[in-house]
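The primary structure of each chain is shown beneath.
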Amino acid sequence: MEHSPRLFLLADVVLPLPLAETYTYRIPEWLGDKVKVGCRLIVPFGIKKMYSAIVVRLHNEVPEGIELKEPIDLLDESSVLLPDQLWLWQWITDYYLCSIGDVCKAALPSGMKLESESVVVYNPDYDSDIPLTSTEQHILDVLEHLSKQQVLELQRAVGVKNILPVIKSLLDKGAVVMHEELKRNYRPKTVNCVRLTEAFFSEERLNQLFAELTPKRHDLLVHYLDLSKASAALTLRNRTLLVEVEKQMLMQGHSEAAFKGLKDRGVLEVYEKEVTRLVSAAGVRPASFSLSPVQQKAFDAIREQLQNHSTCLLHGVTSSGKTEIYIRLIQEQLEQGHQVLYLLPEIVLTAQLVERLRRVFGDRLGVYHSKYPDAERVEVWQKQLSSSPYDIIVGVRSSIFLPFQRLGLIIIDEEHEASFKQQDPAPRYHARNVALVLAQRSGAKTLLGTATPSLESYYNTQTGKYGLVTLTERHNQVQLPQIQVVNIKEKRHRKEMRGPFSTDLVDAMREALEHREQVIIFQ
């Protein structure tokens, strides 16, 4: 039987390392045409190391004078990186003068970046008359008990600050060996579920079984059928209609011995089911709201500005109700079948805000934040690639790297905030500016919101590049606070300071406390 020729023989990959170049690997025959742009390959790199790398190009241009290596394994059946994401990586590389490896490292969650680690393994065949030092013997004793150990973990277990020279000495003596082992940071979350075996799908067979069971096993099986509603499915003889029952739920009030008896007899079977770590909005009471006349006017003005500009600046005073306007704009985008990225600086992303948005959008809302567990961030990434992605992502600067399939609007709240800039390590990018480029690439609109616009954003409104909408009133006509500027330098010269505070401030605080009012001091 003749095999059809493969389309591509070589793959260029990006490694999550500070490297400016891509590296070429020969695709082995056993992978065939499974390798796609955007997939991850496990590749050997250097003398011993292994990494997961992103395929960025497939071709047949064999480089001259280079002996090409082959990847070890293919991690993904489909791409984990969309074409627009790859384009954005390259744009960040060119604009911010960094390596594409730096961008790869910053963009992907840790659980999607695999790297091998050096492992020290005890040699059971070691037999030598060469005397060992006390430290060397201690290491061997630890390894003999644990079989193998990573270098850093072994250093902690032995309590030696610099363990590498000791390990080298043991390697030279043949007492230990070292190899590279791939470390997987992400593992899907699973739960044990229980189901009725196919042999007992017959109602007659099931009734016969009930007559033979002990009381405890009888009660457990009845409990299972109640939970799974299997009785309704038995007549249809269709296994897929059985509702899945988690073992933990089934075993409440029942003994493990009774379950083991049903399992050993082949009545029930246990299997692992992959479940999500992501928070569900089930049970959250939905909230409704309406815009005030002032907010409605601003909302209409934003819509008009976005018809003529790709970007609009909403300049609204503090507590003017910008969030309600954002929510209404998001609702409009969802009605049109678009996705929305709601970008916030680190200091603003609070549980209260997320809860407020979740009451409106429920399970259509996802959160992406560096403080969240890495496994959850991996699952958000995977969900965004699925056929049912989140319609809204609320996140900090790293969320611009997420895959979006139908992005329609990016909202950048507090656009002036310095925390949108990544200072260290590379890539040293500004998330607000990258988001503007992402929106342009995706054909989406951008709304910048702030009470104190950045100089460059306000200048763009004056030159006509951005649209401008202003909100000068606080919501519900709440009065703005009075601000009094005090010259501390002059007060100190006149000896009118009481420690770090001016006499004006001390008098004002005393008056507020006498009226049982709160006093908040920002420094």
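Residues numbered from 1 in each chain as written. Predicted model: local features only at pLDDT ≥ 70, side-chain atom pairs only at ≥ 80, totals over all residues. Heavy atoms only, no water.

Let us look at the overall build of the protein. Helix and strand counts for the protein stand at 18 helices and 20 strands. Taken over C-alpha atoms, the radius of gyration comes to 31 Å for the protein, far larger than the 24 Å a tight globule of 523 residues would show. Taken over the C-alpha atoms alone, the protein extends approximately 85 × 70 × 65 Å along its principal axes. The buried share of the protein, reckoned over its 523 residues, is 43%. Put simply, 74% of the contacts in the protein that link residues at least 6 apart link residues at least 24 apart. A total of about 29,800 Å² of accessible surface is found on the protein, and carbon and sulfur atoms cover 50% of it. (Helix = DSSP H or I, 4+ residues; strand = E, 2+ residues; numbered from the N terminus. Rg over C-alpha atoms; globule rule 2.2 N^0.38 Å. Buried < 20%, exposed > 50% of the residue type's maximum accessible area, 1.4 Å probe, protein only. Contact = heavy atoms within 4.5 Å. Areas by Shrake-Rupley, 256 points an atom, 1.4 Å probe, with all protein chains shown as cover.)

Leave glycine aside and you will find that most residues have negative phi; peptide bonds, for their part, are mostly trans. Residue P425 is reached from D424 by a cis peptide bond, and omega for that bond is -5 degrees. With respect to the helices, strands and loops of the structure, P425 is situated in the loop between β16 (407–413) and α15 (431–442). The residue after A426, namely P427, is reached through a cis peptide bond having omega 5 degrees. Positive phi values are uncommon outside glycine, yet L97 reaches one of about 55 degrees. Among the secondary structure elements, L97 is positioned in the loop between α1 (83–95) and α2 (100–107). Judged by its relative accessible area of 77%, L97 is exposed. Phi is positive for K495, which is not a glycine, with a value near 60 degrees. On the basis of relative accessibility, which here comes to 74%, the residue K495 falls in the exposed class.

In this section: the packing of aromatic side chains. Counted under the stated rule, the structure contains seven aromatic pairs. On the basis of an interplanar angle of 80 degrees and a centroid distance of 5.6 Å, the ring pair of Y326 and Y342 is categorised as edge-to-face. A residue pair is termed long-range when its members are at least 10 positions apart, and Y326 in helix α12 (residues 322–335) and Y342 in strand β13 (residues 339–343) qualify at 16 residues. We note that Y326, like Y342, is buried. Members of the aromatic cluster, each reached through a chain of ring pairs, are Y23, F45 and Y51. Positioned above the aromatic ring of Y271 is the side chain of R195, whose terminal nitrogen or guanidinium carbon lies 3.9 Å from the ring centre. The ring of Y390 carries K383 above its face, with NZ or CZ at 5.0 Å from the centroid. (Phe/Tyr/Trp six-rings, centres within 6.5 Å; stacked < 30°, edge-to-face > 60°. Lys NZ or Arg CZ within 6 Å of the ring centre and 35° of its normal.)

Here the focus is the environment of L268. By the element assignment, L268 lies in strand β11 (residues 268–275). Here the alpha-carbon distance between L268 and H223, two residues 45 residues apart in the chain, equals 12 Å. Once residues lying within four places of it in the same chain are set aside, the contact partners of L268 are V194, R195, L196, T197, L221, Y224, F259, L262 and K263.

Further remarks concern the confidence of the model for the protein. When pLDDT is low, close inspection of the predicted coordinates is not appropriate. A residue-level look at the protein finds 92% of positions with pLDDT of 70 or above and a mean pLDDT of 86. Every residue in residues 230–241 is under pLDDT 50, and counting partners more than four places away or in other chains gives 19 contacts. (pLDDT = per-residue confidence, 0-100.)

Attention now moves to the sheet that holds strand β9 (residues 189–196). Taken in spatial order, the three strands line up as β10-β9-β11 in an open sheet, and their pairing is antiparallel. Every other strand in the sheet has two partners, leaving β10 (245–246) and β11 as the edge strands with one partner each. Bridge count between β9 and β11: eight bridges; the pairing is antiparallel. Across the sheet, residue T190 finds its bridge partner in β11, namely E274. (Pairing = 2+ DSSP bridges.)

What follows concerns the packing of helix α11 (residues 293–308) against α12. Working note: a packed helix pair is described by the angle between its axes plus the distance between those axes. Running from N to C, α11 and α12 point in directions that differ by 50 degrees, and their axes come no closer than 10 Å. In terms of orientation, α11 and α12 fall into the oblique class. In this structure, the crossing between α11 and α12 has a hand that is right-handed. Every residue of α12 that contacts α11 at Q295, A298, F299, I302 and R303 is listed here: E324, I325, R328, L329 and E332. (Axes fitted to C-alpha atoms, helices over the stretch in contact; angles between N-to-C directions. Parallel < 35°, antiparallel > 145°, perpendicular 65-115°, else oblique. Left-handed = near helix turned anticlockwise from the far one by under 90°.)

With that settled, consider the side chain of R377. Position of R377 relative to the elements: it lies in helix α14 (residues 374–385). At 3.4 Å, the side chain of R377 forms a polar contact with the backbone oxygen of Y372. Contacts of R377, omitting those with residues within four sequence positions, involve P109, Y368, H369, S370 and Y372. (Polar contact = N/O pair within 3.5 Å; in protein donor to acceptor, adjacent residues only side chain to side chain.)

All right, on to helix α7 (residues 215–228) then. Given 3.6 residues to a turn, an α-helix orients residues that are three or four positions apart in the same direction. Here α7 spans 20 Å end to end across 14 residues, near enough to the 20 Å set by a 1.5 Å rise per residue. Every buried residue of α7 is listed here: L220, L221, Y224, L225 and S228. The buried residues of α7 occupy an angular sector of 135 degrees when the element is viewed end-on, so they sit on one face. In α7, those exposed residues whose orientation departs by more than 90 degrees from the buried face are P215, K216 and D226. (Expected span 1.5 Å × (residues − 1). Arc of directions from axis to C-beta.)

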